[in-house]
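One-letter residues, chain by chain:
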Amino acid sequence: MSDDQLEVTWKGREANLALHEEGDEIKGYIGKKHVLTVEIGDDDELSETYCHEDLEYDEEELADFLLGGDEEDEDEEDEEEDEEEGEEEEDEGDEGEEDEEEEEGDEGEEDEEEDGEGEEEEDEDDEEEGDDEEEGDDEIDEDEDADYGEPVKTAKIPGVPTLHAVLVAYGAEIGVDTDVRLMRDFFRTLQSEKVLNVKETVLTGRDATAEKALASVKALKPGADDVVWFAYSGHGTMAEGDRLLCTRGKMLRRVAVSDAVEALGARFAVVLSDCCADEMGRVSPNEMLGAARPTHLAGRLTKLFRRYKGMFDVTSSSDYQYAFGGVFTPALIKRVLLGSSEDTWDGVLDRVTKLTMAEGEGAMSKEGRRALRREGEKVIDAQKPVAYSIPIDL
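Residues numbered from 1 in each chain as written. Predicted model: local features only at pLDDT ≥ 70, side-chain atom pairs only at ≥ 80, totals over all residues. Heavy atoms only, no water.

**Student:** Lay out the overall build of the protein chain in plain terms, naming residues and giving numbers.
**Tutor:** Within the protein chain, the secondary structure is distributed over 10 helices and 16 strands. When contacts within the protein chain are restricted to residue pairs at least 6 apart in sequence, long-range pairs at least 24 apart make up 73% of them. Carbon and sulfur atoms provide 40% of the accessible area of the protein chain, an area that totals close to 22,000 Å². (Helix = DSSP H or I, 4+ residues; strand = E, 2+ residues; numbered from the N terminus. Contact = heavy atoms within 4.5 Å. Areas by Shrake-Rupley, 256 points an atom, 1.4 Å probe, with all protein chains shown as cover.)

This is how it looks when you write it as structure tokens:
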């Protein structure tokens, strides 16, 4: 058999299983990783001899995929016979039509011209419908009932800087809309407490592409005293040490976002990514709304957002770790920025790290453990945020 691919589930996420015939066995691979071995017996029955614990597949679908070739050939032969019979009938019909056309004369020619015009119009309509169908068939990794909350209306408070936000959320059944609602509520708090004005751009569904995310960041025009906030919520992965955000279409390199934000020259910037860092990881956040409002909230937020310069550049998990849903972003927004007494960014990082590690046990995969041991690094099984840069006090 030639190499083929079958749609399967790998670590809770859709993936393509490449099948290769190797001697008497058929082996399946996700990328370069061997995850499945099956044998085909004399009675054309499949027997599984090895299956990775993170692989899920439909046995009947695999059997049909591997053993259905003969039926497909028979169907193709039947289709060819039907086509030949259809062509013969068309030829007979064409002869009859020619006789009728000679009798009808000029009237027939006029009718044909009119029919031709109608057919051209139909063809144009068909092309337009085809384009619509093609666009509609393009699957979007987004919940149908996703609720991203109400857009934040810029308050235009005189005498305070502006926070320029770009939020990117993409992924079905992992609650990314919760993170967006949470951040929008936080932005409204910044305005109600007269800390900052907020201008937001939110990219979801079809708009959540790598190209639009980078373009939205580069299009920002922050003033010398303004703040930039970029946040991504969705699936994440790693490739040869490169952190990637799984946006629609092409994946977005995280470092490209950080570089684009830094190039804007804002006084202060925040870059957040709530996503996995495993090769084929997944985020599953739970919905969490509401927040405590300590009496010193305005003073703390004013200090954090108006008396620091630099970038708070943090991701939700360390190398090779999973990121558990409903842990990092809610801990940062609800329990630290809005619910704690931390008034320094070092303190914010320390607090959110402790909260995330306490709730994110079991974050390291077997492959991750092996990779860290090969690299001589310590294995940490609790989800631990990583800071790439911390702002400094003015």
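**Student:** Explain the pairing of strand β3 (residues 25–30) residue by residue, including any values.
**Tutor:** A regular strand places its side chains so that they alternate between the two faces of the sheet. Bridge count for strand β2 (residues 13–22) against β3 is five bridges, and the pairing is antiparallel. Following the sheet pairing, His-20 is matched in β3 by Lys-27. As defined by bridge partners, β3 adjoins strand β4 (residues 33–40) across six bridges and the pair is classed as antiparallel. When the bridges of β4 are listed, Ile-30 appears paired with Lys-33. Remark: two residues form the turn of the hairpin made by β3 and β4, two consecutive strands paired antiparallel; Gly-31 in that turn has positive phi of roughly 65 degrees. (Pairing = 2+ DSSP bridges.)

**Student:** Run through the state of the cysteines, naming residues and quoting values.
**Tutor:** Taken as a whole, this structure holds zero disulfides when the rule is applied. In this model Cys-246 remains outside any disulfide bridge; the closest cysteine sulfur is found in Cys-275, 7.6 Å from its own. (Disulfide = S-S within 2.5 Å.)

**Student:** Describe the pattern of salt bridges, listing the residues and the values that go with them.
**Tutor:** In total, this model carries 11 salt bridges according to the counting rule given. Arg-369 is paired through a salt bridge with Asp-381; the nearest N and O atoms lie 3.3 Å apart. With a gap of 12 residues between them, Arg-369 in helix α10 (residues 366–374) and Asp-381 in the loop between α10 and β15 (386–389) connect regions that are remote in the sequence. Assessed through its relative accessible area of 27%, Arg-369 is described here as partly exposed. (Salt bridge = Lys/Arg side-chain N within 4 Å of Asp/Glu carboxyl O. Buried < 20%, exposed > 50% of the residue type's maximum accessible area, 1.4 Å probe, protein only.)

**Student:** Any chance you could break down helix α6 (residues 254–263) for me, citing the residues and the numbers?
**Tutor:** Residue pairs spaced three or four apart in an α-helix point in one direction, given the helix's 3.6 residues per turn. Of the residues making up α6, those classed as buried are Arg-254, Val-257, Ser-258, Ala-260 and Val-261. The arc enclosing the buried residues of α6, seen along the axis, measures out at 165 degrees, which places them on a common side. α6 presents Glu-262 and Ala-263 as exposed residues on the side facing more than 90 degrees away from its buried surface. (Arc of directions from axis to C-beta.)

**Student:** For the nonpolar core, give the residues involved together with the corresponding values.
**Tutor:** One recurring pattern in soluble globular proteins is that nonpolar side chains are buried together. If you look at the biggest cluster of nonpolar residues, it comprises 42 residues, and the most contacted ones within it are Leu-163, Phe-186, Phe-187, Trp-229, Phe-305 and Phe-312. Elements represented by at least two residues in this core include exactly β7 (162–170), α4 (176–192), β9 (227–234), β13 (268–274), α7 (297–306), β14 (308–315), α8 (328–337) and α9 (345–359). When residues of this core are assigned to their parent elements, the largest contribution, seven residues, is made by α4. Ranked by size, the runner-up nonpolar core spans 25 residues in total, among them Ala-208, Ala-213, Val-217 and Phe-230. (Core = buried A, V, L, I, M, F, W, Y, C linked by side-chain atoms within 4.5 Å.)

**Student:** So what's going on with empty space enclosed by the protein? Which residues, and what values?
**Tutor:** Considering all chains together, one arrives at one cavity of 30 Å³ or more under this definition. Of the volumes computed, that of the largest cavity is approximately 60 Å³. Lining the largest cavity are Asp-179, Met-183, Trp-229, Ala-231, Tyr-232, Ser-233, Leu-272, Ser-273, Asp-274, Phe-328, Thr-329 and Ile-333. For the lining of the largest cavity, the element with the most residues is β9, which contributes four residues. (1 Å grid on protein atoms, 1.4 Å probe; cavity = no way out; pocket = protein on both sides within 12 Å on 5 of 7 lines; lining within 4 Å. Points joined across faces, edges and corners; volume = space filled by probe spheres on them.)

**Student:** Any chance you could break down a negative patch on the surface for me, citing the residues and the numbers?
**Tutor:** Together, Glu-7, Glu-14, Glu-48, Asp-58, Glu-59, Glu-60, Glu-61, Asp-64 and Glu-139 give the surface a local cluster of negative charge. Looking at the negative patch element by element, the count peaks at four residues for helix α1 (residues 59–67). Along the chain, Glu-48 turns up in strand β5 (residues 46–51). (Patch = residues over 30% accessible without salt bridge, like charges linked within 9 Å, V, L, I, M, F, W, Y side chains within 5 Å. Lys, Arg positive; Asp, Glu negative; His and termini not counted. Charge placed at Lys NZ, Arg CZ, Asp CG, Glu CD.)

**Student:** Just give me the short version of the side chain of Ser-233, but keep the residues and values in it.
**Tutor:** Assignment of secondary structure puts Ser-233 in strand β9. Of the residues examined, Ser-233 reaches a relative accessible area of 2% and is grouped as buried. For Ser-233, the side chain forms a polar contact with the side chain of Asp-179, separated by 2.5 Å. Apart from residues lying up to four places away in sequence, Ser-233 is in contact with Val-168, Ala-169, Tyr-170, Val-176, Asp-179 and Asp-274. (Polar contact = N/O pair within 3.5 Å; in protein donor to acceptor, adjacent residues only side chain to side chain.)

**Student:** Describe the pairing of β9, listing the residues and the values that go with them.
**Tutor:** Within β9, eight of the eight residues are buried, leaving the element largely enclosed by the surrounding structure. Along β9, one buried face is formed by Val-227, Trp-229, Ala-231 and Ser-233 and the opposite face, lined by Val-228, Phe-230, Tyr-232 and Gly-234, is buried too. Pairing between β7 and β9: eight bridges, direction parallel. Note that in β9 the partner of Tyr-170 across the bridge is Gly-234. Here β9 runs beside β13; their pairing, made up of seven bridges, is parallel. Bridge pairing in β13 places Tyr-232 opposite Ser-273.

**Student:** Give me the lowdown on the environment of Ala-382, citing residues and values where you can.
**Tutor:** Within the secondary structure, Ala-382 is located in the loop between α10 and β15. Among the residues examined, Ala-382 registers a relative accessible area of 13% and is labelled buried. As a C-alpha pair, Ala-382 and Ser-317 span 65 residues in sequence and 8.9 Å in three-dimensional space. When near neighbours in sequence (up to four residues on either side) are disregarded, Ala-382 contacts Gln-321, Met-357, Gly-360, Glu-361 and Ala-363.

**Student:** Any chance you could break down the confidence of the model for the protein chain for me, citing the residues and the numbers?
**Tutor:** Parts of the model with low pLDDT should not have their predicted coordinates read in detail. For the protein chain, per-residue confidence averages 79 on the pLDDT scale, and residues scoring 70 or more make up 75% of the total. In the model, residues 69–77 has pLDDT below 50 throughout and makes zero contacts with residues more than four positions away in sequence or in other chains. This stretch, residues 120–137, has a pLDDT under 50; its non-local contacts, to residues over four places away or in other chains, come to two contacts. (pLDDT = per-residue confidence, 0-100.)

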